[in-house]
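# Notes for the structure review
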Amino acid sequence: MAKMTIRSSENLQSELENPESYYRGRYSEIIIDADDGDVRNTDALLVATDVLVVPVHPRQNHNREALIQRIETLRLFNPALRVLIVEIQVISAFAAAARTETNLARLVAKEILASTLAATVIHEWIDDRRSFDQGLSIFECNPRNERAIAEIRNLREEITKIRTQSLEPSANSLAILHALQRRTEEKELCHIGIDAFQERSAR
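So, how was this worked out
Residues numbered from 1 in each chain as written. Predicted model: local features only at pLDDT ≥ 70, side-chain atom pairs only at ≥ 80, totals over all residues. Heavy atoms only, no water. Helix = DSSP H or I, 4+ residues; strand = E, 2+ residues; numbered from the N terminus. Buried < 20%, exposed > 50% of the residue type's maximum accessible area, 1.4 Å probe, protein only. Contact = heavy atoms within 4.5 Å. Areas by Shrake-Rupley, 256 points an atom, 1.4 Å probe, with all protein chains shown as cover. Pairing = 2+ DSSP bridges. Core = buried A, V, L, I, M, F, W, Y, C linked by side-chain atoms within 4.5 Å. Salt bridge = Lys/Arg side-chain N within 4 Å of Asp/Glu carboxyl O. pLDDT = per-residue confidence, 0-100. Expected span 1.5 Å × (residues − 1). Arc of directions from axis to C-beta. Axes fitted to C-alpha atoms, helices over the stretch in contact; angles between N-to-C directions. Parallel < 35°, antiparallel > 145°, perpendicular 65-115°, else oblique. Left-handed = near helix turned anticlockwise from the far one by under 90°.

## Concerning the overall build of the protein chain
Looking only at helices and strands, the protein chain has eight helices and four strands in total. Of the regular secondary structure in the protein chain, the N- to C-terminal order runs α-α-α-β-α-β-α-β-β-α-α-α. Per-residue burial over the protein chain gives 29% buried out of 203 residues. Considering only intrachain contacts with a sequence separation of at least 6, the fraction spanning at least 24 residues in the protein chain is 75%. Accessible surface computed for the protein chain: about 13900 Å², of which carbon and sulfur atoms make up 52%.

## Observations concerning the side chain of Thr-49
Along the polypeptide, Thr-49 turns up in the loop between α3 (39-46) and β1 (51-56). Thr-49 sits in the buried class, given a relative accessible area of 15%. Filtering out sequence-adjacent residues up to four positions away, Thr-49 remains in contact with Asn-78 and Leu-81.

## Observations regarding the pairing of strand β2 (residues 82-91)
Counting buried positions along β2 yields ten of ten residues, so the element is predominantly enclosed. Alternating residues of β2 divide into Arg-82, Leu-84, Val-86, Ile-88 and Val-90 and Val-83, Ile-85, Glu-87, Gln-89 and Ile-91, and every residue in both groups is buried. With six bridges connecting them, β1 and β2 associate as parallel partners. Bridge pairing links Leu-52 to Val-83 in β2. Note that β2 and strand β3 (residues 115-117) share three bridges and pair parallel.

## Some remarks on the nonpolar core
The biggest cluster of nonpolar side chains holds 14 residues, and the ones touching the most others in it are Leu-52, Val-54, Val-56, Val-83, Ile-85 and Ile-112. Filtering out sequence-adjacent residues up to four positions away, Leu-52 remains in contact with Leu-46, Ile-71, Leu-81, Arg-82, Val-83 and Leu-84. With eight residues, the next largest nonpolar core counts Leu-84, Ile-122, Leu-155 and Ile-162 among its residues.

## Observations concerning the pattern of salt bridges
Taken as a whole and judged by the stated rule, the model has three salt bridges. Across the salt bridge formed by Glu-146 and Arg-144, the nearest N and O atoms sit 3.3 Å from each other. In this structure Glu-146 comes out as partly exposed when scored by relative accessible area, which is 48%. Exposure remark for Arg-144: the relative accessible area of 41% places this residue in the partly exposed category.

## Focus: the confidence of the model for the protein chain
With 75% of its residues at a pLDDT of at least 70, the protein chain reaches an overall mean of 77. Long-range and interchain partners of residues 194-198, a stretch whose pLDDT sits below 50, account for zero contacts in this model, where long-range means more than four residues apart.

## Quick word on helix α4 (residues 64-77)
Over its 14 residues, α4 runs 21 Å from end to end, which matches the ideal 20 Å to within 8%, given 1.5 Å per residue. Those residues of α4 that fall on the buried side of the exposure criterion are Ile-68, Ile-71, Glu-72, Leu-74 and Arg-75. Along the axis of α4, the buried positions cluster into a sector of 160°, meaning they face one direction only.

## Some thoughts on the packing of α4 against helix α5 (residues 104-111)
Interhelical geometry of α4 versus α5 gives an angle of 40° and a closest axis separation of 11 Å. It follows from the interaxial angle that α4 and α5 lie oblique. For α4 against α5, the interelement crossing comes out right-handed. Of the residues in α5, those in contact with Arg-64, Leu-67 and Ile-68 of α4 are Leu-104, Leu-107, Val-108 and Glu-111.

Encoded structure:
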């Protein structure tokens, strides 16, 4: 299996959009880590993305409204975008029970229209976290956590499935309509703000 090399994301969007490009021809699957380092460049890449995977960690602060607005804007340019919400559960190395007081992932999936909650739950083990801090992947840990490896493989199967399955027309249309309404409201508020500023300046 060919491996993807890590490279700068500059000009990657045009290569992904071009079916004759090197990346499209050599790799059947391309994974982009869409962090918030360069929002403009990341959003440009997501316009050419098939599936957006959103991991929801219970210990992270999520600005859900900002996330929803960002995804809705992306749908205006990429109506076929699939959104998969993945629950992350923190597991202690000394306890098999996960902290499940509130299911934040399920809440996020309800708030993002036409999104899917993954059946696979990724468990974060403390021992694995130490390996990640050393730059190792779950497949490079020694000893290998077979349960964690199985979860990643199951998630990959889900991503492959949602990537090819048909979008529900009514749900997707509603999501795009909602995005259009939000964009219209934002423009109207912007015009109101400009008009108010001009009125104060004229006085």
